[in-house]
Each structure stands twice: as structure tokens, then as C-alpha cells.
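Fold and contact review
Each chain is listed here by its residues.
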Amino acid sequence: SYLVGSLRDGSLPAVYNNQYEVQFSQQNKEWLEKIIVPTIKDVFGIETKVESYKNQTPRVKIYSKPIYLFIKKFFEYPERLQITWEVPTLIRNSPSEIQKWFIRGFFDAEGEINVKQKRLVIHHSWDGDNPIVLQQLQEMLLRNFGIKSKISNPHKEKKFPSYDLRITKENVLLFYEKIGTFHPEKILKFQLLMGSS
């Protein structure tokens, strides 16, 4: 579930020349090397590495038809872009421990910490006026972890409106304690944030 959450910074490109590819990408190469690569090895038994070419965003690729179809079917990866991908039904119906790992992966992929404002933000572009995926995250956080959050008004980003799920004040500490992070930059920012509390 952590890897599925982390795919918010990744994709399942359209099949081309019978190549079934699952891709994780992010500017933070250390996260890919120290977290994503070993997790792929633990979960799927596949050796991967980080690829980084010139101005391209660093990425990790899995070439596997079974894994590609597994993610597409069981985690409902859409035919279109991620801007329509809701929290998978399997995750929403899972115990809170599974949901925690999914939210952590989502946060590590799309989250941001503002130390000065003591605020966490999870960004997401959505195709429409109703950011269903963030509403589902918001509900999971409140129901299972007691973490309150708010969804911002949309702002334009490229072709689609972008929304923020914002967590502030004492709920930041709750998120740190109950959800946490594996992301090197976010670990450091959490430590700074907790130190300034």
C-alpha cells in the first residue's frame, strides 16, 4: 500500500511494443534509492535502480506485465491520467494499518512541510471541481486517526485545477505520530518542526 500511495509521483504509461511499465519518479533521488528501490525488492523480489538523464526527473522503472495488471486491476489505476484516480476501494475498505501506509506513501510523493507555518500540505491536481481523492484522504485521516484537515480552493496548474489538503497546528503532531514519513527531506523538516514546537 505504501508503493501504491507513492505512485502519485509515478505512472503506468500506456503499453507500447508490449512493454508493461510501472514508474516512480521524483526530484529527490535519495528517496527513490533508499526507500522505493528496497521496497520494490521486498514486495516483488525485483532488482531496480534509479535512472537519471540530463534534465529528466529521476525515476525507477519496473518492467512487468503481471505487476502492471495487478496495480491496474486491484488498485483501479485509471485509463486516463492520475487526475481521475481515487483512493482505491481496496485501500478504503482495509484496516487502518493498511491505510496508514497508503497515506504515508501519498504524502511522501505529494506532500510538503512548511516549518515556519507549522503546516503540512498534500497537493493534487484533479479533473473537475470536486477533488474526490483528497476528500477520501480527509475522511480516512479523521475517521481512523483523529487528524483534522481542510481542502483549499483550487488554483490553476497546467491544464487542471490543483487542490491542497492542509493540516495545521496540533494535527501536524498527530500526523507525525500516527502516519509518519520515510522521505529524507520530510524527516528532517519534521524534526525541525517538532523542535520548534
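Residues numbered from 1 in each chain as written. Predicted model: local features only at pLDDT ≥ 70, side-chain atom pairs only at ≥ 80, totals over all residues. Heavy atoms only, no water.

As a further point, take the side chain of Gln99. Along the chain, Gln99 falls in helix α5 (residues 96–110). On the basis of relative accessibility, which here comes to 1%, the residue Gln99 falls in the buried class. Of note is the side chain of Gln99, whose polar atom sits 3.2 Å from the backbone oxygen of Ser94. For Gln99, the contacting residues outside a window of four places in its chain are Ile91, Arg92, Ser94, Met140, Arg143 and Asn144. (Helix = DSSP H or I, 4+ residues; strand = E, 2+ residues; numbered from the N terminus. Buried < 20%, exposed > 50% of the residue type's maximum accessible area, 1.4 Å probe, protein only. Polar contact = N/O pair within 3.5 Å; in protein donor to acceptor, adjacent residues only side chain to side chain. Contact = heavy atoms within 4.5 Å.)

The next subject is a nonpolar patch on the surface. A cluster of nonpolar residues, Phe70, Phe74 and Leu90, forms a patch on the protein surface that exposes about 270 Å² of accessible area. Among the structural elements, Phe70 can be located in helix α3 (residues 65–74). Taking relative accessible area as the criterion, Phe70 reaches 35% and is therefore assigned partly exposed. (Patch = residues over 30% accessible without salt bridge, like charges linked within 9 Å, V, L, I, M, F, W, Y side chains within 5 Å. Areas by Shrake-Rupley, 256 points an atom, 1.4 Å probe, with all protein chains shown as cover. Salt bridge = Lys/Arg side-chain N within 4 Å of Asp/Glu carboxyl O.)

Before going further, it helps to spend a moment on the pairing of strand β9 (residues 160–168). By the bridge criterion, seven bridges tie strand β6 (residues 119–125) to β9 in an arrangement that is antiparallel. Each bridged residue has a counterpart across the sheet, and for Ser125 the counterpart in β9 is Ser162. As defined by bridge partners, strand β7 (residues 150–151) adjoins β9 across two bridges and the pair is classed as antiparallel. Considered in β9, the bridge of Lys150 is made with Arg166. (Pairing = 2+ DSSP bridges.)

Summed over the entire model, instances satisfying the criterion amount to 10 aromatic pairs. Their ring planes at 45° and their centres at 6.1 Å tell us that Phe107 and Phe190 sit as a pair that is tilted. Of this pair, Phe107 sits in helix α5 while Phe190 sits in helix α8 (residues 184–195); the two residues are 83 residues apart in sequence, bridging distant segments of the chain. Phe190 shares its class with Phe107; the two are buried. Taken together, the ring pairs connect Phe107, Phe175, Tyr176 and Phe190 into an aromatic cluster. The residue whose ring lies beneath Arg104 is Phe182, and the NZ or CZ to ring-centre distance is 4.5 Å. (Phe/Tyr/Trp six-rings, centres within 6.5 Å; stacked < 30°, edge-to-face > 60°. Lys NZ or Arg CZ within 6 Å of the ring centre and 35° of its normal.)

The next point concerns the sheet that holds strand β3 (residues 50–51). Strand order in the open sheet formed by four strands is β1-β2-β4-β3, and the pairing between neighbours is antiparallel. Where the open sheet ends on each side, the last strands, each with one partner, are β1 (10–11) and β3. Pairing of β3 with strand β4 (residues 59–63), which is carried by two bridges, proceeds in the antiparallel orientation. By the bridge assignment for β4, Glu51 is matched with Arg59. Of the strands in this sheet, β2 (21–25), β3 and β4 touch helix α2 (residues 29–44), which is tilted by about 20° from β4. Contacting β2 and β4, α3 crosses the sheet at an angle of about 70° to β2. (Axes fitted to C-alpha atoms, helices over the stretch in contact; angles between N-to-C directions.)

Examined against the element boundaries, Thr168 turns out to sit in strand β9. Sequence separation between Thr168 and Leu81 is 87 residues, and the spatial gap between their C-alpha atoms is 30 Å.

Let us look at unusual backbone geometry. The phi dihedral of Asn17 is positive, around 55°, even though this residue is not glycine. Turning to its location among the elements, Asn17 is positioned in the loop between β1 and β2.

Turning next to α8. For α8, built from 12 residues, the straight-helix expectation of 16 Å at 1.5 Å per residue is met to within 8% by its first-to-last C-alpha distance of 17 Å. Among all positions of α8, only Lys186, Phe190 and Leu193 are buried. Relative to the axis of α8, the buried residues are bounded by an arc of 65° and lie together on one face. Along α8, the residues that are exposed and aim more than 90 degrees away from the buried face are Leu188 and Gly195. (Expected span 1.5 Å × (residues − 1). Arc of directions from axis to C-beta.)

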